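So you can see what is in the structure, the chains are spelled out below.
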Amino acid sequence: MRAAVVRNETVMTEPAVDAIVEVRGISKTYGSVEALREIDLDFPRGKLTSLLGPSGCGKTTLLKIIAGLIEADGGTVAVNGKKVSAPGPERAFVFQDFALLPWATVLRNVAFGLELRGTAKEERETTARRYIKDVGLAGFEDKYPHELSGGMRQRVGLARALCVDADVLLLDEPFSAVDEQNRRKFQEDLIRLRTNQNKTFIFVTHSIEEAVYISDRIVLLSPRPGRVSRIIEPQIDRSGDPDRIHRDRHYLDTVEEIWQGLKQYVE
Amino acid sequence: MAAQMQAGGAVSFAAPSRSSQAVRLIERPIVLRLLSIALFAAIWQIAGLIPVSFAFPTFSDTMIAFVTMMADGSLPTAYVSTLQPLILGVILSTFVGVGIGTLCGLWRPGEWLLIPVFIVLQAAPVAAFIPLVTFIYGIGMTAKTLAVIILALPVIVLNTYKAVRNVNESLLVMSRSFMGTRWQEVIKIVLPDASPVIFAGLRLGVAAGFVGVVLAELLITPTGIGDLITFARSRADYAGMYATIASVIALSTVTLVALQWIEVRVFRPEKRGD
Ligand SMILES: Nc1ncnc2c1ncn2[C@@H]1O[C@H](COP(=O)(O)OP(=O)(O)OP(=O)(O)O)[C@@H](O)[C@H]1O
Ligand SMILES: [Mg+2]
């Protein structure tokens, strides 16, 4: 009886079932800092995969390379089988610092991705209203970001990413600037959204609990240079009461197991 | 009995609500502003009555002179002559200044080529150049317009440049992640993000433009408002002189307020308080 299916690197080379994002031999060096070395990873379609690791291990760098926002020194990223090196319509990013336009209303912010694509105003606002409702912000369409709490601002960021109807959502520590209560609520909503939306999520976090709570798959990165150290698939039933998960034995065992694995990097 | 109680209750409630209404009235910005103007006028009146100097008229004399000059057409005629180069110069400075500033903020070679020129221009006592303009452009409309531009342009360029250089990087990354083009980045992110600082520059630039045109009229082309001031002084008509100067200050203030209104309406609606 194991709390989680644990695979190590050698098993990784075997092709995953229907990978929507394939990362092959990605390396990145900033000056003298080697942020990533030879990363090979598959992200299965329709799953939520977390990138977990201590600060500075290159999580953001890897996510931004997948997004096409940073150029890798070597290696390739393929989405839906096609190599990509720039942002594309099949990927949407949710930013750690929200990156909302302070001078635009919630409605315009959520529709902004579509605005940049030249979608007609009426059409994009109809779409935006739908997603504003989905993330629980109905009634706030005409508010400005400074009138919202941190948690609500990040919901705007999430709605904006959902609005462009990308297959892959890339989230860089979306809850790090959100208080604990809102964070819990948001995590529950994300689990719900994920079951409804049929999208692939790639989620960066440095919280073990958060990763185990929401992920189908957790990629542990080791620091300096950033490498894949382990891949864990927590088998947690998320259908029931969310609070029950936090007391679930599999959940607690997996958290403990990851902590034991990561402890060596924290000094 | 019940009616009496109700009436009594109504009275006891009405009193505090009336005084709180008065408090709220005082707190209204428009009331405060009118109060501050009234206070200023009162101090001016007292200083004129003392008098501080034989050349310092009272507020009331100045107002009378203002009405007289409006009625006899001398002030309106002067403004027609002054406002043409002023408006032309300010509009040119705004568009050229914001354009050059944005270009320099976005494009390194532009920055290296042009920004030092404007830094020098801003540091120099530019008013001293105004007589030089006469040698090249004579004493007509061109010279006056140029005087406005010389004073207004540097501050507009430098503020715009600074604001564009310090644009919120994370918004640009966001725009790129949603496949925004470079042009969309500039129009939808850089300019709105920079607009508060750009408008601060515009306000300084417009104020400098007023200085420029009046200086030009005092120093090189005795026409318009500058001429009116000189003329009133030569006749020892101090009330008329002060009325003219005060009208320029008032007009300049109104222009700056209008600029602020445009900024909040068009570019930064989130700053619109209730
Ligand atoms: N633009 C940059 N220039 C130089 N070094 C950088 C740059 N961006 C990141 N680095 C370095 O690369 C390494 C990986 O950075 P990255 O931001 O990807 O880490 P991270 O895992 O997201 O960390 P955190 O948990 O703190 O967000 C770090 O050591 C960081 O200092
Ligand atoms: Mg990071």
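Note that the structure is a prediction, hence the values are computed from the model and not measured.

Reading the values: the criteria
The residue count restarts for each chain, going from 1 along the sequence in the order it is written. As a convention, the first chain written is A and the first ligand written is 1, with the rest following in written order. This being a predicted model, a pLDDT of at least 70 is required before a residue's local features are given, and a value of 80 or more before pairs of side-chain atoms are given or counted; all residues contribute to the totals for chains, interfaces and linings. To get the side-chain values, take all heavy atoms of the structure and skip hydrogens and water. Here the axes come from fitting lines to C-alpha atoms, over the contacting stretch only for helices, and the angles between their N-to-C directions go from 0 to 180 degrees. Think of it this way: any DSSP run of H or I at least four residues long counts as a helix, any run of E at least two long counts as a strand, and we number them from the N terminus. Reported orientations rely on four angle classes, namely roughly parallel under 35 degrees, roughly antiparallel over 145, roughly perpendicular from 65 to 115, and oblique for the rest. The handedness criterion is simple: a crossing whose near helix is rotated anticlockwise from the far helix by less than a right angle is left-handed, and one whose near helix is rotated clockwise is right-handed. We call two residues in contact when some of their heavy atoms are within 4.5 Å. When residues are grouped by polarity, Ala, Val, Leu, Ile, Met, Phe, Trp, Tyr, Cys and Pro land in nonpolar, Asp, Glu, Lys and Arg in charged, and all others, Gly among them, in polar. UniProt positions are given in the numbering used here, feature names are shortened, and annotations may be inferred rather than shown by experiment. Here the quantity called buried area is the accessible surface, traced with a 1.4 Å probe, that two parts lose on coming together, added over both. Between Lys or Arg on one side and Asp or Glu on the other, a salt bridge is scored when a side-chain nitrogen of the former is within 4 Å of a carboxyl oxygen of the latter. Residue ranges labeled as domains rest on an automatic or database domain assignment. Two strands qualify as a pair provided that DSSP identifies no fewer than 2 bridges between them. One less than the residue count of a helix, multiplied by 1.5 Å, gives the span that helix is expected to have. One axis is fitted to the seven residues ending at the residue and one to the seven starting there. The bend at that residue is the angle between these axes. We call Phe, Tyr and Trp rings a pair once their centres come within 6.5 Å, taking the six-membered ring for Trp, and we label the pair stacked below 30 degrees between planes, edge-to-face above 60, and tilted otherwise. Using a 1.4 Å probe on the protein chains alone, a residue whose accessible area is under 20% of its type maximum counts as buried, one over 50% counts as exposed, and one in between counts as partly exposed. Counting of polar contacts relies on pairs of N or O atoms within 3.5 Å, with two restrictions inside protein: one atom must be capable of donating a hydrogen and the other of accepting it, and residues adjacent in sequence are counted only when both atoms are side-chain atoms. Side-chain atoms within 4.5 Å link the members of a nonpolar core, which is a set of buried Ala, Val, Leu, Ile, Met, Phe, Trp, Tyr and Cys residues. Neighbouring residues are identified by heavy atoms, a residue being near a molecule or strand if any of them is within 4 Å of it. The method behind every accessible area is Shrake-Rupley, applied with a 1.4 Å probe, and residues are considered shielded solely by the protein chains displayed.

Residue and element names in this part refer to chain B. Put simply, helix α8 (residues 169–177) and helix α9 (residues 182–219) touch, their axes get as near as 10 Å, and they point 165° apart. Viewed along their axes, α8 and α9 adopt a mutual orientation that is roughly antiparallel. Crossing hand, α8 versus α9: right-handed. Note on element contacts: α9 touches α8 through E185, I189, V190 and D193, opposite L171, L172, M174, S175 and R176. A breakdown of the residues in the contact of α8 with α9 according to their chemical character gives 5 nonpolar, 1 polar and 3 charged.

On to the UniProt feature "transmembrane region" (unreviewed entry) in chain B, then. The sites that carry the UniProt feature "transmembrane region" (unreviewed entry) are, in the present numbering, residues 32–56, 86–106, 113–139, 145–164, 197–220 and 240–262 of chain B. In the segment residues 145–164 of chain B, helix accounts for 100% and strand for 0%; the C-alpha atoms at its two ends are 27 Å apart.

This paragraph deals with the interface of chain B and chain A. In this complex, chain B contributes 19 residues to the contact, which on the side of chain A involves 25 residues. Taking both partners together, chain B and chain A bury about 1900 Å²; carbon and sulfur atoms supply 69% of that area. The interface formed by chain B and chain A includes 1 salt bridge. E115 of chain A is the partner of K188 of chain B in a salt bridge, and the nearest nitrogen-oxygen pair spans 2.7 Å.

Under the present numbering, the feature "domain: ABC transporter" (unreviewed entry) in UniProt falls on residues 21–248 of chain A. Helix makes up 35% of residues 21–248 of chain A and strand 29%, with an end-to-end C-alpha separation of 31 Å.

Looking at chain B, the domain boundaries give domain 1 (2–49) and domain 2 (59–271). Placing a centre on the C-alpha atoms of domain 1 of chain B and another on those of domain 2 of chain B gives a separation of 38 Å.

Working note: regular strand, side chains alternate between the two faces of the sheet. All names here are of chain A. In this structure, strand β2 (residues 19–30) lies alongside strand β3 (residues 33–44), joined through 8 bridges in antiparallel fashion. Bridging across to β3, E22 finds its partner in D42. Connecting the antiparallel pair β2 and β3 is a turn made up of 2 residues, with G31 showing a positive phi of about 55°.

In this section: helix α4 (residues 74–106) of chain B. The end-to-end C-alpha distance of α4 of chain B is 48 Å, a good match for the 48 Å that 33 residues give at a rise of 1.5 Å each. Where α4 of chain B bends most, the angle comes to about 30°, and this point is L83 of chain B, followed within four residues by the proline P85 of chain B.

To continue, consider the packing of α4 of chain B against α9 of chain B. Residue and element names in this part refer to chain B. Contact pair α4 / α9: the axes reach a minimum separation of 8 Å and the direction vectors enclose 145°. α9 is crossed by α4, and the crossing has right-handed handedness. Residues S81, T82, P85, L86, V90, T94, V98, T102 and L106 of α4 touch α9, and the partners they reach there are R182, V186, V190, L191, I198, L202, V206, G209, F210, V213 and E217. Among the residues making up the contact of α4 with α9, the classes are represented as 13 nonpolar, 5 polar and 2 charged.

Moving on to the packing of aromatic side chains. Taken as a whole and assessed by the stated rule, the structure comprises 11 aromatic pairs over all chains. Between Y213 of chain A and Y251 of chain A, the aromatic rings sit 6.5 Å apart at their centres with planes inclined by 80°, giving edge-to-face as the arrangement. Here Y251 of chain A lies in helix α9 (residues 249–262) and Y213 of chain A lies in helix α7 (residues 208–214), a separation of 38 residues in the sequence. Residues Y213 of chain A and Y251 of chain A agree in their burial class; the two are buried. With 6.0 Å between their ring centres and 85° between their planes, F54 of chain B and Y238 of chain B make a pair best called edge-to-face.

What follows covers the side chain of S215 of chain A. Residues and elements named next belong to chain A. Looking at the element boundaries, S215 is found in the loop between α7 and β10 (217–222). Side-chain polar atoms of S215 contact the side chain of S50, separated by 2.5 Å. A polar contact of 2.4 Å, which involves the side chain of S215, links it to the backbone oxygen of A211. Setting aside residues up to four positions removed in sequence, S215 forms contacts with L48, S50, P234 and R238.

This paragraph deals with the domain arrangement of chain A. Residues and elements named next belong to chain A. The domain boundaries assigned to chain A delineate domain 1 (4–90 + 167–234) and domain 2 (101–165). Taking only C-alpha atoms, the centre of domain 1 and the centre of domain 2 are 25 Å apart. With 16 residues of domain 1 at the contact, the number on the domain 2 side is 13 residues. Across the domain 1 to domain 2 interface the summed buried area is about 1200 Å²; carbon plus sulfur atoms make up 58%. Of all residues in domain 1, L169, F186 and L193 bury the most surface against domain 2, accounting for 36% of the area lost on that side. Along the contact surface separating domain 1 from domain 2 lie 2 salt bridges. Between R155 and D189 there is a salt bridge, with its nearest N and O atoms 2.8 Å apart. Applying the counting criterion to the domain 1 and domain 2 interface returns 3 residue pairs in polar contact (both at pLDDT 80 or more). Its residues assigned to classes, the side of domain 1 that touches domain 2 comprises 9 nonpolar, 2 polar and 5 charged.

Right, let's get into the nonpolar core. Membership of the largest hydrophobic core comes to 123 residues, with the highest contact counts inside it found for V21, V23, L41 and L158 of chain A. The leading source of residues in this core is α9 of chain B, at 10 residues.

This brings us to the site of ligand 1. Residue and element names in this part refer to chain A. Close contacts around ligand 1 come from Y30, V33, A35, S55, G56, C57, G58, K59, T60, T61, E173 and R224, and that covers them all. Interatomic distance of 2.8 Å between a side-chain N/O atom of K59 and an oxygen atom of ligand 1. T60 places a side-chain nitrogen or oxygen 2.6 Å from an oxygen atom of ligand 1. Protein coverage of the free-state accessible area of ligand 1, which is 630 Å², stands at 61%. Of all the elements in the fold, those that place two or more residues in the shell around ligand 1 are β3 and α2 (59–67). In terms of residues, the shell around ligand 1 owes the most to one element, α2, which gives 3 residues. For the shell around ligand 1, the per-class residue count stands at 4 nonpolar, 5 polar and 3 charged.

Residue and element names in this part refer to chain A. In the structure shown here, the tally under the stated rule is 25 salt bridges over all chains. Between D189 and R192 there is a salt bridge; the shortest N-O distance is 3.9 Å. Of this pair, D189 and R192 both sit in helix α6 (residues 180–197), 3 residues apart, roughly one helical turn. On the basis of relative accessibility, which here comes to 10%, the residue D189 falls in the buried class. The exposure class of R192 is partly exposed, given its relative accessible area of 38%.

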